[in-house]
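# A structural walkthrough
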Amino acid sequence: MSTPASTPAAEAAPVLPKSSSRGRLAFGTRPKRLARTLTRKLNGLVLAVLAVGGFVYVVARAAARDRWADDPSELATHELVLAANTALGLAMYLCCVFRDPGKVPSGWSPFADAEEARANQHSLVECKRDGGARFCKKCREYKPPRTHHCSQCKRCVLRMDHHCAWVNNCIGHRNYKSFLLFLVYVVAALIHATGILLLRGAERLFPPESPGSALSGSGGVAGVATEQKTVEERSS
């Protein structure tokens, strides 16, 4: 019994929906891969960034409590702003570390006919300006426009910007927004913390004179002058 011949439409390369990998983390949906992914993602640089950020936050908070100990309302404002920027920056940083930057859908092809794709596989020229069909020789798959192969991640990344060693991940289509928000929040937190530390350091180096000390100093000078005048009168 003969089987019907396959049509070109049936042999066409499958194209996954754009939202198929949206929001997916680097360890996917399998909990058993969580421990392995945490070990792979949390390298020395990532742990160093987390440690330095926590240290700066603790020191700045202690300086704020020391500076505004007599003003609870202003202290609460500084603590709230500093904690909010730090927490948001930490959340965006973890998104950059663990979120998948963007994976090319399996079997994606710019051609509607799979036979045409196989025929043109060895004769394609990479076009970077006109957005033409591009083929990755390492992944052995077609690449959509603005997709590049990362030698560190060993795969192609959608709309790849760069591979950031500080997040141990590529910055691409899925985590580019998180990376920009991380920069905004961490810069705001660092400026706030630096201002608190500089203000407290200046007060420690150049402490303001209290009114009591100023009066006692002027009284001491006046007392010395009176005593000298008395001694002169007695001698005369």
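Residues numbered from 1 in each chain as written. Predicted model: local features only at pLDDT ≥ 70, side-chain atom pairs only at ≥ 80, totals over all residues. Heavy atoms only, no water.

## Observations concerning unusual backbone geometry
Phi angles above zero are rare outside glycine, and Lys-154 is one such case at about 60 degrees. Classification of Lys-154 as exposed rests on a relative accessible area of 65%. We note that Arg-159 has phi near 50 degrees; this positive angle belongs to a residue other than glycine. By the element assignment, Arg-159 lies in the loop between strand S4 (155–157) and strand S5 (162–164). Residue classification places Arg-159 among the partly exposed positions, given a relative accessible area of 40%. (Buried < 20%, exposed > 50% of the residue type's maximum accessible area, 1.4 Å probe, protein only. Helix = DSSP H or I, 4+ residues; strand = E, 2+ residues; numbered from the N terminus.)

## A word on the environment of His-173
Looking at where His-173 falls in the secondary structure, it is placed in the loop between strand S6 (169–171) and helix H5 (176–205). Given a relative accessible area of 33%, His-173 falls into the partly exposed group. As for His-173 and Asp-100, which are separated by 73 residues in sequence, their C-alpha atoms are 8.9 Å apart. Within the local environment of His-173, its side chain forms a polar contact with the side chain of Arg-159, the two groups lying 3.3 Å apart. (Polar contact = N/O pair within 3.5 Å; in protein donor to acceptor, adjacent residues only side chain to side chain.)

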